Each structure stands twice: as structure tokens, then as C-alpha cells.
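Structural description and commentary
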Amino acid sequence: TNAAGDVDLSGFPPGDITITVALDPSVTSAGYSFPSDSYQAVAIAVVPPGSITSPVPIFGQANWPAEFDAPSVSSASLTFVDKEDDQNAYEYAIQLQGPNGMQVMDPRIKNDGVGTR
């Protein structure tokens, strides 16, 4: 990931890529955790090619793109698989449950390269 929290997968060889987001113990000790419903912990939206603005990812299983395997979650980690069979960019959001309600973070996943990935 870069300083903005974006994930660049363009240097990876073709094939599935497992993405795991783990919370630092200082975050969990401050009262933050992933929601038990994994589809409320992560949301992903396709960024249309050439788009200047990114769509807002919407949480929920009904909005989950087929490009990704179903997410799994524990209180301190989140895992999902990018099946990497296209070169799209995706906007994604991670949601944490905290002492003052839900908090959303929104990095981007960039798939890029030549050929089917």
C-alpha cells in the first residue's frame, strides 16, 4: 500500500490475489473492530476506465462484485480474494465498528497490466 492507503496490484503476476487487512493491537485496544457481517466490513465498486471521479462503494452483499470472492472477517482481520481476471481499478472502503459508531476508510485497488490477470 502507499501513503494514501491505496493498493497497487499491477506488479503481481496473473492469478488470484488474497488481500488481508489486519488491525494493529493499538487499534483494537482503542475499541475498534471489524463488523461481524463481512459485507459490512468491506465494500468494493468498479472505477469506470478513464473516470476522473470514483464511485462510492456501497456496503452489503447485494453490491459485491463478481470479480472478488466473498470476504471473511474476524474482529481484528479482514480477508478477500481479488480473482484478478480483468485490469479494472476498484474503489473500496473498509468499515470499522468503534466506540463512537462506524468509521469508514476508502483506499483504492489498482489492477493493471497486459493480458488476463
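Details of the structure are given in the entry above.
Overview of the structure. (Residues numbered from 1 in each chain as written. Predicted model: local features only at pLDDT ≥ 70, side-chain atom pairs only at ≥ 80, totals over all residues. Heavy atoms only, no water.)

Pairing in this open sheet of 3 strands is antiparallel, and the strands run β2-β5-β4 from one edge to the other. In this open sheet, the two strands that pair with only one neighbour each are β2 (17–22) and β4 (72–73). (Pairing = 2+ DSSP bridges. Helix = DSSP H or I, 4+ residues; strand = E, 2+ residues; numbered from the N terminus.)

The next point concerns the environment of Gln61. Mapped onto the secondary structure, Gln61 falls in the loop between β3 (42–47) and β4. Exposure remark for Gln61: the relative accessible area of 55% places this residue in the exposed category. Note: C-alpha distance between Gln61 and Val42 (19 residues apart in sequence) is 9.8 Å. (Buried < 20%, exposed > 50% of the residue type's maximum accessible area, 1.4 Å probe, protein only.)

Another aspect to go through is the pairing of strand β5 (residues 77–82). Inspection of the sheet shows β2 paired to β5 by 6 bridges, in the antiparallel sense. Pairing of Ile17 across the sheet is with Asp82, part of β5. When β4 meets β5, the two strands line up antiparallel, connected through 2 bridges. In the sheet register, Ser72 faces β5, and the bridge partner there is Thr79. What sits between the antiparallel neighbours β4 and β5 is a turn of 3 residues.

The next subject is the pattern of salt bridges. The final tally for this structure, using the stated rule, is 1 salt bridge. When the shortest N-O distance is used, the salt bridge between Lys83 and Asp69 registers 3.8 Å. Here Lys83, found in the loop between β5 and β6 (89–98), pairs with Asp69, found in the loop between β3 and β4; they are 14 residues apart in sequence, far enough to count as distant. (Salt bridge = Lys/Arg side-chain N within 4 Å of Asp/Glu carboxyl O.)

For the rest of this paragraph, the subject is the pairing of β3. The buried fraction of β3 is high, at 5 of 6 residues. Summarising the sheet, β3 and β6 pair through 6 bridges and their orientation is antiparallel. In the strand pairing of β6, Val42 is matched with Ile94.

So, on to the environment of Ala93. Within the element layout of this structure, Ala93 appears in strand β6. Considered as a pair, Ala93 and Ile58 are 35 residues apart in the sequence and their alpha carbons are 8.3 Å apart.

What follows is about the packing of aromatic side chains. One pass over the full model with this rule turns up 6 aromatic pairs. Taking the centre distance of 4.9 Å and the plane angle of 85 degrees together, the rings of Phe68 and Tyr90 count as edge-to-face. One end of the pair, Phe68, is in the loop between β3 and β4; the other, Tyr90, is in strand β6, and 22 residues separate them in sequence. By relative accessible area, which is 3% here, Phe68 ends up buried. The class for Tyr90 is buried, based on a relative accessible area of 1%. A connected cluster of aromatic rings, assembled from ring pairs, spans Tyr39, Trp64, Phe68, Phe80, Tyr90 and Tyr92. (Phe/Tyr/Trp six-rings, centres within 6.5 Å; stacked < 30°, edge-to-face > 60°.)

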